[in-house]
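# Remarks on the overall topology
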Amino acid sequence: MALEAPVVILAYNRAEKTAAAIDSLKQSRPQKMYLAVDGPRSNKPGDADNVFAVEKCVELIDWTDDVTLISRPHNLGMRIAVPDAVTQVISQH
């Protein structure tokens with residue numbers, strides 16, 4: 001049975017954790033998925049590659065075509081990125 005409420009995954013630079021969260025959702029099969037990924041920090045070497053790997057995790061959501069990636073070009077930090085993503089999703093539902 002598919003879950004009707006939209007599900008939002010808030011992520012940053014840990015692809016393994018993001019993939020595990022997506023895998024755990026396969027059983028409930030949410031119909032609408034959001035993956036909100038904060039952007040890389042400019043002063044942290046390798047961060048852009050880690051963030052890109054997290055964004056690629058959107059491809060693991062294979063049980064629905066109703067998937068939205070919320071991607072940021074640079075790091076906003078939790079204080080801004082989390083409420084912004086939640087507000088964006090709530091405004092659509």
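Quick notes on the rules
Residues numbered from 1 in each chain as written. Predicted model: local features only at pLDDT ≥ 70, side-chain atom pairs only at ≥ 80, totals over all residues. Heavy atoms only, no water. 1 Å grid on protein atoms, 1.4 Å probe; cavity = no way out; pocket = protein on both sides within 12 Å on 5 of 7 lines; lining within 4 Å. Points joined across faces, edges and corners; volume = space filled by probe spheres on them. Helix = DSSP H or I, 4+ residues; strand = E, 2+ residues; numbered from the N terminus. Nonpolar A, V, L, I, M, F, W, Y, C, P; charged D, E, K, R; others polar. Patch = residues over 30% accessible without salt bridge, like charges linked within 9 Å, V, L, I, M, F, W, Y side chains within 5 Å. Areas by Shrake-Rupley, 256 points an atom, 1.4 Å probe, with all protein chains shown as cover. Salt bridge = Lys/Arg side-chain N within 4 Å of Asp/Glu carboxyl O. Lys, Arg positive; Asp, Glu negative; His and termini not counted. Charge placed at Lys NZ, Arg CZ, Asp CG, Glu CD. Buried < 20%, exposed > 50% of the residue type's maximum accessible area, 1.4 Å probe, protein only.

What follows covers the layout of surface pockets. For the largest pocket, the calculated volume is near 240 Å³. What lines the largest pocket is a set of 14 residues, and nearest its centre among them are Ala11, Tyr12, Asp38, Met78 and Val82. Only strand 1 (7-11), strand 2 (33-37) and helix 3 (78-92) provide two or more residues apiece to the lining of the largest pocket. When residues of the lining of the largest pocket are assigned to their parent elements, the largest contribution, 4 residues, is made by helix 3. Class assignment of the residues belonging to the lining of the largest pocket gives a composition of 9 nonpolar, 2 polar and 3 charged.

This part covers a positive patch on the surface. Residues Arg14, Lys17, Arg41 and Lys44 make up a contiguous surface patch of positive charge. With respect to the helices and strands, the residue Arg41 is situated in the loop between strand 2 and helix 2 (47-56). You can call Arg41 partly exposed: its relative accessible area is 43%.

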